[in-house]
Amino acid sequence: MKRLTTFILALAVSFQAFADEGMWLPNLIARRIDDMGAKGCRLSAEDIYSINKASLKDAVLLFGSGCTGELVSPNGLLFTNHHCGYSFIQRHSSVEHDYLKDGFWAMSQSEELPNPGLTVSFLERMEDVTDVILYGWEPSMGDAARDSVARANSARLEKEVAVPSKGIRASVEALYYANQYYLFVFRVYRDVRLVGAPPSSIGKFGGDTDNWMWPRHTGDFSIFRIYTAPDGSPADYSPDNIPYRPRKYFSISRAGVKEGDFTFVYGCPGSTREYVFSDEVRYIGEVSDPQKIALRTKRLEIQKKYMSQSQAVRIQYSAKNASVSNAWKKWQGESGGVRRLGTVEAKRAYERRFAQWAARGPYEGLTERLAAIYARREPLYLAYEYFNETIRSVEILSFAWSVHSALELKRPVESMAKGFYKDYYRPIDEEIFAAMLDAYRSNMSGDYQPAYFKEQLALYGSVEAWRDALFASSIFSNPDAVKALTPSDIAKVEADPAYKLYKAFRDWLDADIMPELHAIDGELRAANRQYMRAQMEFEPERDFYPDANLTLRVAYGKVAGYSPSDAVYYAPVSTLKGIMEKDNPDIFDYNIPQVLRDIYAEGGHEKQPVCFLATNHTTGGNSGSPVLNADGHLVGINFDRVWEGTMSDLVFDPDYCRNISLDVRYLLFVIENVGHADWLFKEMDFK
Ligand code: ARG
Ligand code: GLU
């Protein structure tokens, strides 16, 4: 317990952090409030987070399982991103009512559309429960015992605190690499209805061409409303439900922002790794990212070739192409960023200083141990990642595996098959099959190739010959035959060449890769826990924020442009004029709705703000987060970062790291002029 006490002491002292870097725990925001005040914030720590009175935290919500949203009315109205609401908007869409394409606007509460399965969660409270979670564990019992004690205690505490009948959910999360454990208690609402969404030509304007980029002009928002049982408690959808009455909702600022203004983002960042050892950054920046980028470049080229030849194929592959492209672009910024910053070298220099300090103390040899663990882990993890990006990304192969799993569970496969083939274009998959298998063969050494893979390659002589034979004989080339499969046909699937290839890889991973990888990961968890604690002792002056893990955080900074390269400067605010400059009916991503052209032609809208940049430290999961001004009023909705700054998941650089937000005034402009849904303004509070 002594170590733990020192650790907590280290946390209690607050000193400098680096400019605008940080995703801070809201319950400890008192430690940052002076710095926030010095940068322009006019709020108190209690305004931001309180468990005794209504505070801004009560207006922030986890939307679904990976986005953030915010309340903007006393009637449970909320904003999030268009890309966060996308799948729900899509589910309500049909050929007659294409809400993705045309947008959707309820004109009264009775027209709002329910979304079974969609939940929103509000944080009730968060607290340090480290002692409870480690109760029964002593250092002499070892690291494996620590993990299992923590797991059992977490499960017990979560069960004790949760009240499912009242929608109260509890989860224990590890912070600072499990040096600390926090309990998060949420209220979860299950009746969340779609209120409004702009057409995709606004909500997804710029598409993947502009994704992760500035200048940006995407109206990335959608609007929902939370409903409760008549007594105010969380409930499943019912026509008798009433709008949620929140403790707190955001006022909306019409004053807008300008360069230099203080802003903060209140939301749920998903995952960062700021304190890891140099070898992990080297692996990500120099090995993993470049390899995955190369593989995805091939896949994207193949998809794009066929998508540009046919409108039908473009529709089939637009969502798939978007998700392949999203990480592909992010990784380019990330690996380029750590290279530009020399992060690996900087970390190594830091580690040398650390090792000197650690000599003859309890952390002696820790950096060597970390280096040794990473050296053993790297080839195994790379093989696993390579499998994911190659074999698993061939649609027919992973689909064969899913069908087999369904049949094994005696589930019908017809609707699954319908869904799969609706968006499947065999020529794309055939080309990707050859490209991915070829990449696997040339880039993974023989030791990392399953025996079956080598045998089949030898048998066919080339990946192309193998492909032709496989696609000619596989049942998965025949949609009708797949739709008709029943559990009694499972042997047929097991004899299929697509299934056999996928299974050969899975068996090989399960036997030769994963057990060792899991064992190494256990060692790594323990070593990282020590290393985190040691760094905090090594730098007692530094205020360490915990790495992101989808728990609620506050990031603060200011509205600022940046210079992406020599002689180029990007101003931080984009306007409607820029949309008109990009507008092009022949380019899908830039083809705006006619109504926007007409409004613009009336004149007077050139300066209408659309998006803005700021220095807030955000990551995936912060999508939909409220962007707030010095008084805590809503000025924007976070939806992206600039790609030159995406290494901020590993290292933050104030010169390049910028989050991209939708200016809330553009949202209001679209509601009024495109949706004609200004009935919604009556319930909002404008400042
Ligand atoms: N880059 C943003 C986020 O990760 C937006 C992604 C959705 N938009 C798109 N054009 N694919 O994750
Ligand atoms: N678009 C991201 C999301 O979905 C946010 C972008 C990022 O900062 O990674 O959360």
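Residues numbered from 1 in each chain as written. Chains lettered and ligands numbered in written order. Predicted model: local features only at pLDDT ≥ 70, side-chain atom pairs only at ≥ 80, totals over all residues. Heavy atoms only, no water.

Structural notes on the overall build of the chain
When you go through the chain residue by residue, the secondary structure sums to 24 helices and 18 strands. The principal-axis extents of the C-alpha atoms in the chain amount to approximately 70 × 70 × 60 Å. Expressed as a percentage of its 687 residues, the buried residues of the chain come to 58%. Here the analysis covers contacts within the chain between residues at least 6 apart in sequence; of these, 77% occur between residues at least 24 apart. Surface summary for the chain: the accessible area is close to 28000 Å², and the carbon and sulfur share equals 53%. Of the charged side chains in the chain, 79 are positive and 92 negative, and the gap between their average positions amounts to 2 Å. (Helix = DSSP H or I, 4+ residues; strand = E, 2+ residues; numbered from the N terminus. Buried < 20%, exposed > 50% of the residue type's maximum accessible area, 1.4 Å probe, protein only. Contact = heavy atoms within 4.5 Å. Areas by Shrake-Rupley, 256 points an atom, 1.4 Å probe, with all protein chains shown as cover. Lys, Arg positive; Asp, Glu negative; His and termini not counted. Charge placed at Lys NZ, Arg CZ, Asp CG, Glu CD.)

So, empty space enclosed by the protein
By rolling a water-sized probe across the atoms, one finds the places where empty space is left. Within the structure shown, the criterion is met by five cavities of 30 Å³ or more. Of the pockets and cavities examined, the largest cavity occupies roughly 90 Å³. In terms of lining, the largest cavity is formed by Val 60, Leu 61, Leu 62, Ser 121, Phe 122, Leu 123, Phe 184, Phe 186, Cys 268, Leu 550, Thr 551 and Leu 552. Looking at the lining of the largest cavity, the elements with two or more residues in it are β1 (60–63), β6 (120–128) and β8 (180–189). Residue classes in the lining of the largest cavity are distributed as 10 nonpolar, two polar and no charged. Here the second largest cavity defines a volume of roughly 70 Å³. Surrounding the second largest cavity, Trp 24, Leu 25, Leu 28, Arg 31, Arg 32, Tyr 176, Asp 543, Phe 544, Tyr 545 and Pro 546 form its lining. A breakdown of the residues in the lining of the second largest cavity according to their chemical character gives seven nonpolar, no polar and three charged. (1 Å grid on protein atoms, 1.4 Å probe; cavity = no way out; pocket = protein on both sides within 12 Å on 5 of 7 lines; lining within 4 Å. Points joined across faces, edges and corners; volume = space filled by probe spheres on them. Nonpolar A, V, L, I, M, F, W, Y, C, P; charged D, E, K, R; others polar.)

Digging into the site of ligand 1
In the neighbourhood of ligand 1, the contacting residues comprise His 83, Lys 204, Gly 207, Asp 208, Asn 211, Trp 212, Asn 326, Phe 639 and Asp 640. Gly 207 is positioned such that a nitrogen or oxygen atom in its backbone is 3.4 Å from a nitrogen atom of ligand 1. Contact distances for ligand 1 include 2.9 Å between a nitrogen atom and a side-chain N or O atom of Asn 326. Considered on its own, ligand 1 offers 330 Å² of accessible surface; in the complex 84% of this is hidden by protein. (Near = heavy atom within 4 Å. Polar contact = N/O pair within 3.5 Å; in protein donor to acceptor, adjacent residues only side chain to side chain.)

Quick word on helix α12 (residues 343–358)
The end-to-end C-alpha distance of α12, which contains 16 residues, comes to 22 Å, matching closely the 22 Å that a straight helix rising 1.5 Å per residue would cover. The set of residues buried in α12 consists of Thr 343, Val 344, Lys 347, Tyr 350, Glu 351, Phe 354 and Ala 358. Buried residues of α12, seen end-on, are gathered within an arc of 125° and therefore sit on one face of the element. Relative to its buried face, α12 has exposed residues pointing more than 90 degrees away, namely Arg 352 and Gln 356. Positive phi appears at Arg 360, one or two residues downstream of α12, with a value of about 65°. (Expected span 1.5 Å × (residues − 1). Arc of directions from axis to C-beta.)

Points about the pattern of salt bridges
With the rule as written, the count across this model stands at 48 salt bridges. Here Asp 521 ties to Arg 377 by a salt bridge, and the two come within 2.7 Å at their closest N and O atoms. One end of the pair, Asp 521, is in helix α21 (residues 497–538); the other, Arg 377, is in helix α13 (residues 366–389), with 144 residues separating them in the sequence. Accessibility classification places Asp 521 together with Arg 377 in one group, the buried group. In this structure, Lys 492 and Asp 489 form a salt bridge, with 3.9 Å as the shortest nitrogen-oxygen distance. Residue classification places Asp 489 among the buried residues on the basis of a relative accessible area of 17%. Connected via shared salt-bridge partners are Asp 20, Arg 31, Arg 32, Asp 35, Lys 39 and Asp 543. (Salt bridge = Lys/Arg side-chain N within 4 Å of Asp/Glu carboxyl O.)

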